[in-house]
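Examining the three-dimensional arrangement
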Amino acid sequence: MGTPSLSPWAVLGLVLVLVGLWAPCVVSEQPNFIVILADDVGWGDLGANWAETKETPHLDRLAAEGTRLVDFHSAASTCSPSRASLLTGRLGVRNGVTHNFAIASLGGLPLNETTLAEVLRQAGYSTGAVGKWHLGHHGHHHPTSRGFDYYFGIPYSHDMGCTDTPGYNLPPCPPCPRHGTAAREARKDCYTEVALPLFENVTIVQQPVELGSLARRYAEEAARFIQRASDSGRPYFLYLALAHMHVPLSPPLPPAPGRGIYGASLSEMDALVGRIKEVADSHGKGNTLLWFAGDNGPWAQKCELAGRLGPFVGAWQRQRGGSSAKQTTWEGGHRVPALVYWPGRVPAGRTSHALLSVLDIFPTLVALAGAALPPNRRFDGLDVSPVLFGRADVGHKVLLHPNSGAAGKVGEIEALRLAQYKAFYTTGGAMACDGSTGPAQRHQPPLIFNLDRDLQEQEPLDVASREYQAVLPAISRAYTRALQDIAADNVSVADYSQDPAAIPCCNPQLVGCRCRGAQGATPGPLVEKRTPRLCL
C-alpha cells in the first residue's frame, strides 16, 4: 500500500504546529544586559552569602529574586587582568593582560583582542561603560575605541590620583597640592603629583574628582544611558564597573555600627545596585539580564577597610605568613560573590553550585544576543545559560588560576581546580594587614585540597593517601593539556611601557593638572567642552 499524500493545506498546518511548538524556546527579541562589577569585594560582603553581613538589603533582595552563584570565580585576583578576561572571555596568558596598568601606561588591552562590547555593538546593541576602566586610557585603548558608544568614569582605580577631599585609605593620603611644588608632599603608596580625572567619553570633565558624589553620578549616568537606549528601541549592554569597594570613598552615611567606615561604604554600594535594578525594571522588566560579580577578593593589607572573606580564609597560607586574599590564588583571592537576575527566565531564590567564572560572561551574553564568538582564538569561558536558566548545574570541568602578584611570574598558571579538588603548583601570600608577606613556594608534586571538606584550605591531602594518588593523574593531565592549549593559541602581548605624556591631564599649566573652576562641584559647560590634554 502506498504512502498517502498530504494536501498543501495539510502541510501548511503541520508547519504551523511545529513552529508553535518551537516558538517558546526562541528569544523573540534580543535581551538587554547589565553587568555590574564590584571592586575588591569579599565573598562574605553579601548578606545572602554570609549571615554576619547586614549592609546589603538590595543585593540580598536581588539574590532572592534571582540566582546566587556560590562557586563563582574571577579570572585573576587583581584589577586589570580580571577586567580584561571579563571583556574577552580569555585568561591573561591569552589576551596579554597579566598585571595592572599604570597612570602613565601607553598600552592597554591589546587592540587585536575583541571585546564583548565590540561583538554586541556589531549585533545591534547600544553599548555603554560607566565607572572604572583600568584597561588602558591612552590613544585607542580608551573605552570609546573598544566598542563602547558611551563612557563615563575614571580610567583606573580611584586611589590612583589625588583629590581635594581624599577618600579613606591606609595609610591616609594627603589632598592635591594647590600652590606649586613646594606644597607637594610625597608619601608612599599615595599619588600626589596628578589629580584623579573623571571622563565623559574622551573629555576630562572634572580633575580632581569629587569622590563624595561619585556613586550618585555613576547611578545618574547609568540611568541616563538606560533611558537613551530604551528610547532608541535598541537593546543595550551596560557595563557598570563600580569604584566600590577597593578603598572606601567618602560616604555620605555615618559609619555603620560594628563595621564602621567599610560598612557605610558597603551600604552605599548596595543602594547604588538597588537603584540600577529599579531603573532597569522600569524600562522592560523581563527583558533585562542583570549580572553582579566581584573582580577579585578583598585587599587585606587595608585592614579594617577591607572586606569579608567568608569561610575562604586560606588557612594553610596564613599559618606561613601573608594574606590569602587579593593577588593570591587562594579561594579568598578569586572566589567572588555573583548574582544573576532576569525575571521570568532566571529562577528566583535558587542557589547554583556550578563551577563558574567571570570568563563565562562573554560567551554567555554573546550566545543570548544571537551573535557569534570572534574567530581564530580560543576561549576559556563557557556559555553557561543552561545553568542560569536552571536547566543544569554543571559548569567548568577544569578552571585555571593565574598568579596575580603574590608569588611567581605574573600571569603564570599556579593553581588548578578539578571538580572539588584544587591543586597548587606555587603558593604565596600577598601583603597582610600586619605587613607580612608569604614567600613563593614551588610544589612538585602539587598541594591538593578537597574543597568539599576543606573550604578554609587548611589541610592538604597527604601525598601518600589513596585519595591523593587517585586524583593526581587526572590533575596532572588537565594541567598539561591546559598549558598545551594555551601554547597553541593565538596569544596577544600587552604593551606595559610608560611615558609621563600618557597621564590624563586637564590643564598641564596648573598644579596637579587641575581644571579651572573644578573645585569639587559638577563642572560647567566650559569645562565639559574642554579638549583633554596630556601631562608633559
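Here we summarise the structure given alongside this text. Every value quoted in this text rests on a predicted model; they were computed, and no experiment measured them.

Here we come to helix H10 (residues 361–368). For H10, a buried count of seven out of eight residues is recorded, marking the element as mostly surrounded by other parts of the structure. Turning to H10, its buried residues number three or more, namely Ile361, Phe362, Pro363, Thr364, Leu365, Val366 and Leu368. Positioned one or two residues after H10, Gly370 has a phi angle of 75 degrees, which is positive.

We now examine the state of the cysteines. Defined simply, a disulfide is a covalent bond joining two cysteines at their sulfur atoms. Across all of its chains, the model carries five disulfides by this definition. Paired by a disulfide, Cys173 and Cys190 hold their sulfur atoms 2.0 Å apart. Since a negative S-S torsion denotes a left-handed disulfide, the Cys173-Cys190 link at about -85 degrees is left-handed. With Cys173 in the loop between strand E5 (150–153) and strand E6 (198–200) and Cys190 in the loop between E5 and E6, the pair connects residues that are 17 residues apart, well separated along the chain. Here Cys173 and Cys190 have matching classes, each one buried. There is a disulfide in this structure between Cys506 and Cys515, and the S-S distance comes to 2.0 Å.

Once that is clear, we can look at helix H12 (residues 466–487). Between its terminal C-alpha atoms H12 stretches 33 Å, which fits the 32 Å expected from 22 residues at 1.5 Å a residue. Of all the bends found along H12, the most pronounced is centred on Leu472 and spans about 30 degrees, while Pro473, a proline, follows it within four residues. Within the sequence span of H12, burial applies to Tyr468, Val471, Leu472, Ile475, Ala478, Tyr479, Ala482 and Ile486. Buried residues along H12 sit against helix H4 (92–95), strand E13 (398–402), strand E14 (413–418), strand E15 (421–429) and strand E16 (438–450).

A few words now on the sheet that holds E13. With antiparallel pairing, four strands are arranged side by side in an open sheet as E13-E14-E15-E16. Two strands bound the open sheet, and with one partner strand each, they are E13 and E16. Within this sheet the neighbouring strands show an average axis-to-axis angle of 20 degrees, counted without direction. Across four bridges, E14 lies against E15 in antiparallel orientation. Residue Arg417 lies in a different strand from E15, and its bridge partner there is Lys422.

If you look at the biggest cluster of nonpolar residues, it comprises 70 residues, and the most contacted ones within it are Phe237, Tyr239 and Trp291. Per-element tally for this core: the top contributor is H12, with eight residues. Residues within four places of Tyr239 in sequence aside, it is in contact with Val35, Leu37, Arg83, Leu86, Leu87, Gly128, Ala129, Val130, Trp133 and Phe148.

This paragraph deals with the pattern of salt bridges. If you walk through the whole model with that rule in mind, you get 27 salt bridges. Residues Asp40 and Lys326 are paired through a salt bridge, measuring 3.0 Å at the closest nitrogen-oxygen approach. One end of the pair, Asp40, is in the loop between strand E1 (32–39) and helix H2 (57–65); the other, Lys326, is in the loop between helix H8 (315–318) and helix H9 (331–334), and 286 residues separate them in sequence. Between Arg453 and Glu467 there is a salt bridge; the shortest N-O distance is 2.8 Å. Of this pair, Arg453 sits in the loop between E16 and H12 while Glu467 sits in helix H12, and the two are 14 residues apart along the sequence. Three or more residues joined by partner-sharing salt bridges are found here, namely Arg90, Arg94, Glu113, Arg378, Asp380, Asp485 and Asp489.

Here the focus is the environment of Glu200. Within the fold, Glu200 resides in strand E6. Each C-alpha atom, one on Glu200 and one on Tyr151, is 5.7 Å from the other, the two residues being 49 residues apart in sequence. Not counting residues up to four positions away in its chain, the partners in contact with Glu200 are Tyr150, Tyr151, Phe152, Val205 and Glu221.

Glancing now at the sheet that holds E5. Reading across the sheet, the ten strands line up as E7-E6-E5-E4-E8-E1-E9-E10-E2-E11 and stay open at both edges, with mixed pairing between neighbours. A single partner strand is all that each edge strand has here, and the edge strands are strand E7 (203–206) and strand E11 (350–352). Within this sheet the neighbouring strands show an average axis-to-axis angle of 20 degrees, counted without direction. Across the sheet, helix H6 (residues 214–232) touches E1, strand E4 (126–131), E5, E6, E7 and strand E8 (236–245), and the angle it forms with E8 is around 175 degrees. Running over the sheet, helix H7 (residues 260–282) touches E1, E8, strand E9 (288–294) and strand E10 (338–341) and is turned about 170 degrees from E8.

Calculation rules
- Residues numbered from 1 in each chain as written.
- Predicted model: local features only at pLDDT ≥ 70, side-chain atom pairs only at ≥ 80, totals over all residues.
- Heavy atoms only, no water.
- Buried < 20%, exposed > 50% of the residue type's maximum accessible area, 1.4 Å probe, protein only.
- Helix = DSSP H or I, 4+ residues; strand = E, 2+ residues; numbered from the N terminus.
- Disulfide = S-S within 2.5 Å.
- Expected span 1.5 Å × (residues − 1).
- Bend = angle between axes of the 7 residues up to and from the residue.
- Contact = heavy atoms within 4.5 Å.
- Pairing = 2+ DSSP bridges.
- Axes fitted to C-alpha atoms, helices over the stretch in contact; angles between N-to-C directions.
- Core = buried A, V, L, I, M, F, W, Y, C linked by side-chain atoms within 4.5 Å.
- Salt bridge = Lys/Arg side-chain N within 4 Å of Asp/Glu carboxyl O.

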